[in-house]
Amino acid sequence: MSELHVSTVGDGDPVVLLHSGGMSSRQWRKVSERLAPSYRVIAPDFLGSGESPPHHEPFDHVQDVEAVERVIDRAGAPVHLVGHSYGGLVALTIARRRPGTILSLAVYDPVAFELVREANDAEALADLDRAARDPIFTDDARGGSAEWYRAFVEFWNGKGAWDALPEERRASFLRVGAKVYLEVRSLMRDATRADAYRAISAPTLLMHGQRSPIVAHRIVAILGRTIARASVRAIEGAGHMGPITHGDVVERAIAEHLSGAT
């Protein structure tokens, strides 16, 4: 049973920050600094990411879910829970599995793809099909390679986004490429229906980037109608990487949400 590497700063009610695929807990450095005067901020690295041990194959995202649940148990739940993209789905999964351990929930562009399939949302499905039509997305031999990452990053951020990244950033992504590929493969198999998210009882902030793909908008909209205490916020001018590109706005939204839920 692998335990995640965790960075902790501050004192107060615990806030657990879950990073997006291909990133690490360092994604949340500025958020941690903003929250540390009022909260105990706990930022784990997912399996195979940052300083955490390698993942085990066959891999399913539930392995990361269970590892974060152990982090929460050690923190002395209940906790505030925040997640972006892959981390957003992990956060949603924990919040519905263990609602009594969550004080509040805030997610940005969570990748709960089954919701648009269940809703038979033609526009969102056509958007998602942009990835499904490309055979590289399910090619085990090329998964996590630079070729695969170009398709992956461009799906979320637009044509040319991969090549526009600094070489150091591309190299960082490639170091964890095999794990990110397995995350994506697992997410595409996830069959969690909308009704399962009705179990989430905590105050919930659902964010999406104004410029994020249509499928991200629709997932957030469905969750907004499903989770009883949810509010939805579009981050103006932001895309899928809004927590980084529009950090000040997203950080402020998270801080306000936590304050209102405390």
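What you see is a predicted model, and the numbers here were worked out from it, not measured in a lab.

Novice: Residues and numbers for the pattern of salt bridges, please.
Specialist: When their charged atoms lie close together, side chains carrying opposite charge are able to pair. Evaluation of the coordinates by the stated rule reveals 20 salt bridges. Salt-bridge contacts for Glu 114 lead to Arg 117; the nearest nitrogen and oxygen are separated by 2.9 Å. Pair noted here: Glu 114 and Arg 117 are both in helix H4 (residues 114-119), with a separation of three residues, about one helical turn. You can call Glu 114 buried: its relative accessible area is 11%. Sharing partners across several salt bridges, the network here consists of Glu 114, Arg 117, Glu 118 and Arg 193.

Novice: Can you break down the sheet that holds strand E7 (residues 230-235) residue by residue, with the values?
Specialist: Sheet strands line up and pair through hydrogen bonds in the backbone, either parallel or antiparallel. Across the sheet, which stays open at both edges, the seven strands sit in the order E1-E3-E2-E4-E5-E6-E7 with mixed pairing between neighbours. What marks the edges here is a single partner per strand, and that holds for strand E1 (6-10) and E7. Here the strands of the sheet are splayed against their neighbours by 15° on average, with no regard to which way each runs. Of the pairings in the sheet, the one linking strand E2 (residues 13-18) to strand E4 (residues 79-84) comprises four bridges and is parallel in character. Bridging across to E4, Val 15 finds its partner in His 80.

Novice: Would you mind going over the packing of aromatic side chains in detail, with residue names and values included?
Specialist: The tally for this structure, following the rule as stated, stands at eleven aromatic pairs. Taken together, a centroid distance of 5.0 Å and an interplanar angle of 10° make the contact between Trp 148 and Phe 152 stacked. On the criterion of helical spacing, the pair formed by Trp 148 and Phe 152 is a turn pair, its members being four residues apart in helix H6 (residues 146-157). Taking relative accessible area as the criterion, Trp 148 reaches 0% and is therefore assigned buried. Ring centres of Tyr 149 and Phe 152 lie 6.1 Å apart, and the angle between their planes is 70°; this geometry places the pair in the edge-to-face category. Taken together, the residues span about one helical turn, with Tyr 149 and Phe 152 both in helix H6 at a distance of three residues. Here Tyr 149 and Phe 152 have matching classes, each one buried.

Novice: I'd like a description of unusual backbone geometry, backed by residues and values.
Specialist: One non-glycine residue with positive phi stands out, namely Asp 109, at about 45°. Mapped onto the fold, Asp 109 is located in the loop between strand E5 (102-108) and H4. For Asn 120, which is not glycine, the phi dihedral falls at a positive 50°. Mapped onto the elements of the fold, Asn 120 is located in the loop between H4 and helix H5 (122-132). Of the residues examined, Asn 120 reaches a relative accessible area of 59% and is grouped as exposed.

Novice: Pulling in residues and values, what's your account of H5?
Specialist: Among the residues of H5, those classed as buried are Ala 124, Asp 127, Leu 128 and Ala 131. For H5, the arc enclosing every buried residue in end-on projection is 90°, short of the 170-degree limit, so these residues lie on one face. In this structure, H5 carries Ala 122 and Ala 132 as exposed residues pointing more than 90 degrees from its buried face. For H5, the secondary structure elements touched by its buried residues are H4, H6, helix H9 (177-189) and helix H10 (214-226). N-capping of H5 is provided by Asp 121, with a side-chain oxygen placed 3.2 Å from the backbone N of Glu 123.

Novice: Describe the packing of H5 against H10, naming the residues involved and giving the relevant values.
Specialist: Contact geometry for H5 and H10: axes closest at 8 Å, N-to-C directions at 135°. Considered as vectors, H5 and H10 are oriented oblique to each other. By crossing handedness, the relation of H5 to H10 is classed as left-handed. Taking contact as the criterion, the partners of Glu 123, Ala 124, Asp 127 and Leu 128 in H5 are, on H10, Ile 214, Val 215 and Arg 218. Along the lines of polarity and charge, the residues of the contact of H5 with H10 split into four nonpolar, no polar and three charged.

Criteria and thresholds
- Residues numbered from 1 in each chain as written.
- Predicted model: local features only at pLDDT ≥ 70, side-chain atom pairs only at ≥ 80, totals over all residues.
- Heavy atoms only, no water.
- Salt bridge = Lys/Arg side-chain N within 4 Å of Asp/Glu carboxyl O.
- Helix = DSSP H or I, 4+ residues; strand = E, 2+ residues; numbered from the N terminus.
- Buried < 20%, exposed > 50% of the residue type's maximum accessible area, 1.4 Å probe, protein only.
- Pairing = 2+ DSSP bridges.
- Axes fitted to C-alpha atoms, helices over the stretch in contact; angles between N-to-C directions.
- Phe/Tyr/Trp six-rings, centres within 6.5 Å; stacked < 30°, edge-to-face > 60°.
- Arc of directions from axis to C-beta.
- Contact = heavy atoms within 4.5 Å.
- Polar contact = N/O pair within 3.5 Å; in protein donor to acceptor, adjacent residues only side chain to side chain.
- Parallel < 35°, antiparallel > 145°, perpendicular 65-115°, else oblique.
- Left-handed = near helix turned anticlockwise from the far one by under 90°.
- Nonpolar A, V, L, I, M, F, W, Y, C, P; charged D, E, K, R; others polar.

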